Amino acid sequence: MKQIFVGLFFVILFSSCSKNNDECRYDPCETVAPASEVSQLESYLSGASITATKHCSGVYYIIDAPGSGGETPTICSIFDQATSAVSFQLGGLIESWKKGIPLIKTGGKIRLYCPPSLAYGSQEIRDGSGNVVIPANSILIFEIELNGVF
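Right, let's walk through the structure included here. Residues take numbers from 1 onward in each chain, read along the sequence in its written order. Since the coordinates come from a predicted model, pLDDT governs what is reported: local features require at least 70, and pairs of side-chain atoms require 80 or more to be given and counted, while whole-chain, interface and lining totals use all residues. Side-chain measures here rest on the full set of heavy atoms in the structure, leaving out hydrogens and waters.

### A short note on the state of the cysteines
Disulfide: a pair of cysteine sulfur atoms within 2.5 Å of each other. One pass over the structure, following the stated rule, counts one disulfide. Each sulfur in the disulfide pair Cys29 and Cys56 lies 1.7 Å from the other. An S-S torsion of about -85 degrees defines the bridge between Cys29 and Cys56 as left-handed. Separated by 27 residues along the polypeptide, Cys29 in the loop between helix H1 (2-23) and helix H2 (35-47) and Cys56 in the loop between strand E1 (53-54) and strand E2 (60-65) bring together distant segments of the chain. Under the scheme applied here, a residue whose accessible area is under 20% of the maximum for its type counts as buried, over 50% as exposed, and between as partly exposed, the area being computed with a 1.4 Å probe on protein chains only. By relative accessible area, Cys29 is classed as partly exposed at 37%. Judged by relative accessible area, which is 42%, Cys56 ranks as partly exposed. In this text, helices come from DSSP runs of H or I with a minimum length of four residues, and strands from runs of E with a minimum of two, each type numbered from the N-terminal end.

Below is the structure:
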C-alpha cells in the first residue's frame, strides 16, 4: 500500500509540473493584429519619423537597452507596478506586453507601439470617476523598463 501511495504521489507531482509547463508555453506569433491596424500603425510611425522593428504579431518596438540581467521574462513571470503593491503575471496582461517584454532582460528598456487589437481593442478604459482615459481602438505606446523577473 505504501508503494502505491508513493507511486501515486510522484505521478501527481510530475503531472502537476507538466501542466504548469504547458500553462507557461506561449507562441508570440500566434495572435496577430489585423492588416488594417498594422497599416494604420505603420502610417503613424512613418509620419512621426520613427524607425521601429516589426514583431511577427504586428507590434512594433524599439529596444533602448537590451538589459544585462540573466533572466528573460516568460509568460508566467510576475511583474509589479513600481508605484503600487500590486503584482501581475505577464500572461494576464495585454497581448502587446506578452510579446514585447520577453524581448529584453532585467535592466532593459523597450518602447512598444501597439495596434488596438493587441492592446485594449474596442474596450474603453475609464478612470475611477468614469472618464474615458483610453478611447476604444487606440494605438498605444508604452515605455517599459524591466527591473526584475520573479
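### Points about the nonpolar core
We define the nonpolar core as a collection of buried residues of types Ala, Val, Leu, Ile, Met, Phe, Trp, Tyr and Cys that are connected through side-chain atoms lying within 4.5 Å of one another. Residues Leu112 and Phe142 are the most contacted members of the largest nonpolar core, which totals 26 residues. When residues of this core are traced back to their parent elements, those giving at least two are H2, E2, strand E5 (109-114) and strand E8 (140-145). Among the elements that make up this core, the one with the highest residue count is E5 (four residues). What Phe142 contacts, discounting residues up to four positions off in sequence, is Ile94, Trp97, Ile110, Arg111, Leu112 and Cys114. Residue contacts are counted whenever heavy atoms from the two residues lie within 4.5 Å of one another.

### Quick look at the sheet that holds E5
Whether two strands pair comes down to DSSP finding at least two bridges between them. Pairing is antiparallel in the open sheet, where four strands are placed in the order E1-E2-E5-E8. Strand pairing shows two members of the sheet lacking a second neighbour, E1 and E8, which therefore form its edges. Summarising the sheet, E1 and E2 pair through two bridges and their orientation is antiparallel. What sits directly across from Lys54, in E2, is Tyr60.

### Things to note about the environment of Glu37
Turning to its location among the elements, Glu37 is positioned in helix H2. Under the relative-accessibility criterion, Glu37 is labelled buried at 13%. Linking Glu37 and Ser117, residues 80 residues apart in sequence, is a C-alpha distance of 7.9 Å. Glu37 has contacts with Pro115, Pro116 and Ser117, leaving out every residue within four places of it along the chain.

### Here we look at the packing of aromatic side chains
Any two of the Phe, Tyr and Trp rings considered here, Trp counted by its six-membered ring, make a pair once their centres fall within 6.5 Å; the pair's planes then place it as stacked at under 30 degrees, edge-to-face at over 60, or tilted in between. In total, this model carries one aromatic pair according to the counting rule given. Here Trp97 and Phe142 contribute two aromatic rings whose centre-to-centre distance is 5.2 Å and whose plane-to-plane angle is 85 degrees, an arrangement assigned as edge-to-face. With Trp97 in helix H3 (residues 95-100) and Phe142 in strand E8, the pair connects residues that are 45 residues apart, well separated along the chain. Note on Phe142: relative accessible area 16%, which makes it buried.

Read these as layout, nothing more, since geometry by itself doesn't imply function.
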